[in-house]
Amino acid sequence: IMSSVGITVAINSDDAEMARRLNQEAAKAIKYGGMSEEEAWKLVTINPAKLLHLDDKIGSIKVGKDADLVLWNKNPLSVYAKAEKTLIEGVVYFDIEMDKQKRKAIKEERNKLIQMMAKAKESGEKTKQPMKKDKIKFTCETKN
């Protein structure tokens, strides 16, 4: 309603889960608010930048602006879309092909360790109970 009368409207979130799915929140504006795809995208791109008076630096793809980009396999307004690559300030933070390779390497290493443990147990070596690790809650400030 506010957008239809010319007010600059943005969707944001401080919730760790919803912040990762702002594309789906924009899609809801199309389905339930009758917005065009372009106007819905503005809710999570250029409009928040305008409201923060940072639209000269962020919020759209233009030469000279800081660009954080996500490349999708389908229309990002679809719940079926998957991120294939994420770039933040020109640095690749996620690449689906690299992720597949890393997952394969982790699986191989895990299987190797399981085999080593099984072999040690069979030969009568002393074993240890597994230890529980606390889950880390990742935020925007979390560094690798």
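A quick note: this is a predicted structure, and the numbers were derived from the prediction, not measured.

A closer look at the side chain of Lys65
Relative to the assigned elements, Lys65 resides in the loop between helix H3 (46–51) and strand E1 (68–72). Put simply, Lys65 is tucked away with no salt bridge, and the nearest opposite charge, on Asp55, sits 6.1 Å away. Of note is the side chain of Lys65, whose polar atom sits 2.6 Å from the side chain of Ser60. Leave out the neighbours within four places in its chain, and Lys65 touches Ile46, Asp55, Asp56, Lys57, Ile58 and Ser60.

Notes on the pairing of strand E3 (residues 91–95)
On a regular strand, each side chain points to the face opposite its neighbour's, so the side chains alternate between the two faces of the sheet. Pairing between strand E2 (residues 83–88) and E3: four bridges, direction antiparallel. Directly across from Thr86, in E3, lies its bridge partner Phe94. Where E2 folds back on E3, the antiparallel hairpin that results is connected by two residues, among which Glu89 adopts a positive phi of roughly 50 degrees.

A short note on the sheet that holds E2
Strand order in the open sheet formed by three strands is E1-E2-E3, and the pairing between neighbours is antiparallel. The sheet is open, and its two edges are formed by E1 and E3, each paired on a single side. Pairwise comparison of adjacent strand axes, ignoring direction, gives a mean angle of 15 degrees for this sheet. As paired elements, E1 and E2 share five bridges and run antiparallel to each other.

Brief notes about the environment of Thr127
As for its placement among the helices and strands, Thr127 is situated in the segment after helix H4 (96–122). A residue is classified by how much of its surface remains accessible, and Thr127, at 51% relative accessible area, is exposed. In the structure, Thr127 is positioned 27 residues away from Lys100 in sequence and 32 Å away in space, judged by C-alpha atoms.

Thoughts on helix H1 (residues 22–33)
The first and last C-alpha atoms of H1 sit 15 Å apart over 12 residues, in line with the 16 Å expected at 1.5 Å per residue. Along H1, the residues that are buried comprise Asn23, Glu25, Ala26, Ala27 and Ala29. The inward-facing, buried residues of H1 abut helix H2 (37–44) and E1. Gly34, located one to two residues past H1, shows a positive phi value of around 70 degrees.

Here's the deal with unusual backbone geometry
Peptide bonds are trans in most cases, and residues, glycine excluded, mostly fall at negative phi. A positive phi angle, close to 60 degrees, is found at His53, a residue other than glycine. In this structure, His53 sits in the loop between H3 and E1. His53 sits in the exposed class, given a relative accessible area of 67%. Of note, Glu89 is a non-glycine position whose phi angle comes to about 50 degrees, a positive value. Following the sequence through the fold, Glu89 ends up in the loop between E2 and E3. Relative accessible area serves as the criterion here: at 64%, Glu89 is assigned to the exposed category.

Points about the packing of H1 against H2
For any two helices packed against each other, the geometry is given by the interaxial angle and the distance between the axes. Orientation of H1 relative to H2, taken along the N-to-C sense of each, is 140 degrees, at an axis distance of 8 Å. Accordingly, the angle class assigned to the pair H1 and H2 is oblique. Read as a crossing pair, H1 and H2 show a hand that is right-handed. Facing H1, whose interface residues are Leu22, Asn23, Ala26, Ala29 and Ile30, H2 presents Glu37, Ala40, Trp41, Leu43 and Val44. Here the contact of H1 with H2 is composed, by residue class, of eight nonpolar, one polar and one charged.

Definitions and limits used
- Residues numbered from 1 in each chain as written.
- Predicted model: local features only at pLDDT ≥ 70, side-chain atom pairs only at ≥ 80, totals over all residues.
- Heavy atoms only, no water.
- Helix = DSSP H or I, 4+ residues; strand = E, 2+ residues; numbered from the N terminus.
- Buried < 20%, exposed > 50% of the residue type's maximum accessible area, 1.4 Å probe, protein only.
- Lys, Arg positive; Asp, Glu negative; His and termini not counted.
- Salt bridge = Lys/Arg side-chain N within 4 Å of Asp/Glu carboxyl O.
- Polar contact = N/O pair within 3.5 Å; in protein donor to acceptor, adjacent residues only side chain to side chain.
- Contact = heavy atoms within 4.5 Å.
- Pairing = 2+ DSSP bridges.
- Axes fitted to C-alpha atoms, helices over the stretch in contact; angles between N-to-C directions.
- Expected span 1.5 Å × (residues − 1).
- Parallel < 35°, antiparallel > 145°, perpendicular 65-115°, else oblique.
- Left-handed = near helix turned anticlockwise from the far one by under 90°.
- Nonpolar A, V, L, I, M, F, W, Y, C, P; charged D, E, K, R; others polar.

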